[in-house]
Amino acid sequence: MPAVAESAGAFAVTQPSAASTSTPDNSIASRFSPRQDTVDTRIDYAAWDEALEYFVFYMGPSERRIMPKVIPQIGTRFVFGHDSGLRLEGNRIGFSFLEDEQREALTAYREELEALGSQLDIASLPRNEQLAYWLNLHNVAVIEQLALAYPLSRPSDLRIGENGATLDEAKFLNVDGVALSLKDIRTQIVYPNWRDPSVIYGFFRGEIGGPTIQKSAFNADNVSLLLQSSARDFVNSLRGVEKRGKTLHISRLYEEAMPFFFSEGDEVLRAHLSSYARDDVKADIAKTSRIRASIYEYDISDLARGDRAPEYQPTGIILDPIMPGVDTMDPPYAPIGVPYHIARVVEEKVDKLERMRRKGELRGTVIVIDPENPDAAQAGREVE
């Protein structure tokens, strides 16, 4: 999955290079702060597009419904797979279906993106190019590290390196000699340098509680559209916003973003949430008098919750649920080669979409950008 840089009409495939001496953390923000004198260089993420299309499983929009408890299989008290009430929210990565070859390719691609950041002066690229680069590098690294450690049920339990740092805090990335963690990318590079809070929703955390992973890579042309789409998905989900009495419960992710985008108070945050909320969610926001950041689901955003298939599972013949375009399933749920607990989640997703379709809650997605469509103004818009 090579990363390709385009400059002055020529393409150059980057090769991984040895990491140089790391720069202290206090220089990260100044080193990668966007500059005014930009160079017209484009980065092609076609390979990452192809990869995301392959292993991202679309779960559909939130039904804003807590799912009922999962009933254990007959003959056992154990529940395998996802059992959270939020288990149908957010797209999933098919970690269970990745093999060594694909995991190795993820590492190679992450290294190529790091090398690209050393070969190019990232801070001199157009702002949308810079933003797309940091979003993609962050998300590639999350998926790569989880794929290498899989199976696991909670990304927050993962420890990396000799110091045993968390996935979020470990400085396992290196761009132009600067050692970076995932948190560094968010809080020392992107959040301080972009005023638009929609950037919050571009960072995949590998957990159900975080923003969804898109089936397309970010690039300079689509970054605004994808961020707006992810923001609407998150704000209108129960993992993002929920009214309980007079309290508006929101995701704990907003705590990290608060100093950068919402430091002026709750009303700024309410206005932001309302700008993406559908009518019923907007009404809930208006009816509350206080805000509490309390919502988060730490389970991994996969199809199996890191559980291996029990040996005694029933089997049947059915289409592979990881393949695009599969919209229906008939009992028995577990096909040959596809574990029962994965097929159950897919069946629940199909039922959810059917309920939403009957209630008229499914809204179409514009794929072709029509210049006369008002939404087309988002395409290519610079994210401030």
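Before any of the text, the structure's been laid out above.
Residues numbered from 1 in each chain as written. Predicted model: local features only at pLDDT ≥ 70, side-chain atom pairs only at ≥ 80, totals over all residues. Heavy atoms only, no water.

*Asks:* I'd like a description of the overall build of the protein, backed by residues and values.
*Replies:* Per the secondary structure count, the protein includes ten helices and twelve strands. Relative to its full complement of 384 residues, the protein shows a buried share of 53%. When contacts within the protein are restricted to residue pairs at least 6 apart in sequence, those whose partners lie at least 24 apart make up 75%. (Helix = DSSP H or I, 4+ residues; strand = E, 2+ residues; numbered from the N terminus. Buried < 20%, exposed > 50% of the residue type's maximum accessible area, 1.4 Å probe, protein only. Contact = heavy atoms within 4.5 Å.)

*Asks:* Could you give an account of the pairing of strand S11 (residues 247-251), with specific residues and numbers?
*Replies:* Burial analysis of S11 places five of its five residues in the buried class, the great majority of the element. In this structure, strand S10 (residues 241-244) lies alongside S11, joined through four bridges in antiparallel fashion. Paired with Val-241 across the bridge in S11 is Ile-250. Linkage of S10 to S11, two consecutive antiparallel strands, is achieved through a turn of two residues, within which Gly-245 is found at a positive phi near 65°. (Pairing = 2+ DSSP bridges.)

*Asks:* Describe unusual backbone geometry, with residues and values.
*Replies:* Residues Tyr-150 and Pro-151 are joined by a peptide bond in cis, for which omega reads 10°. Inspection of the secondary structure puts Pro-151 in the loop between helix H4 (127-149) and strand S6 (159-160). Residues other than glycine seldom take positive phi values, yet Arg-64 does so here, at roughly 50°. For Arg-64, the location among the structural elements is in the loop between strand S4 (56-57) and strand S5 (92-93). The residue Arg-305 is not glycine, and still its phi comes out positive at about 55°. Within the fold, Arg-305 resides in the loop between strand S12 (290-295) and helix H10 (340-358). Overall, the relative accessible area of 22% leaves Arg-305 in the partly exposed class.

*Asks:* Provide a residue-level description of the packing of aromatic side chains, including the pertinent values.
*Replies:* One pass over the full model with this rule turns up 16 aromatic pairs. Taken together, a centroid distance of 6.3 Å and an interplanar angle of 65° make the contact between Tyr-201 and Tyr-276 edge-to-face. Linking Tyr-201 in the loop between helix H5 (182-193) and helix H6 (223-235) with Tyr-276 in helix H8 (residues 266-276), this pair joins segments that are 75 residues apart in sequence. Residue class for Tyr-201 comes out buried when judged on its relative accessible area of 1%. One aromatic cluster in this structure is built from Tyr-191, Tyr-201, Phe-203, Phe-234, Tyr-254, Phe-260, Phe-261, Phe-262 and Tyr-276. Looking at Arg-127, its charged tip hangs above the ring of Trp-194, at a distance of 4.7 Å from the centre. (Phe/Tyr/Trp six-rings, centres within 6.5 Å; stacked < 30°, edge-to-face > 60°. Lys NZ or Arg CZ within 6 Å of the ring centre and 35° of its normal.)

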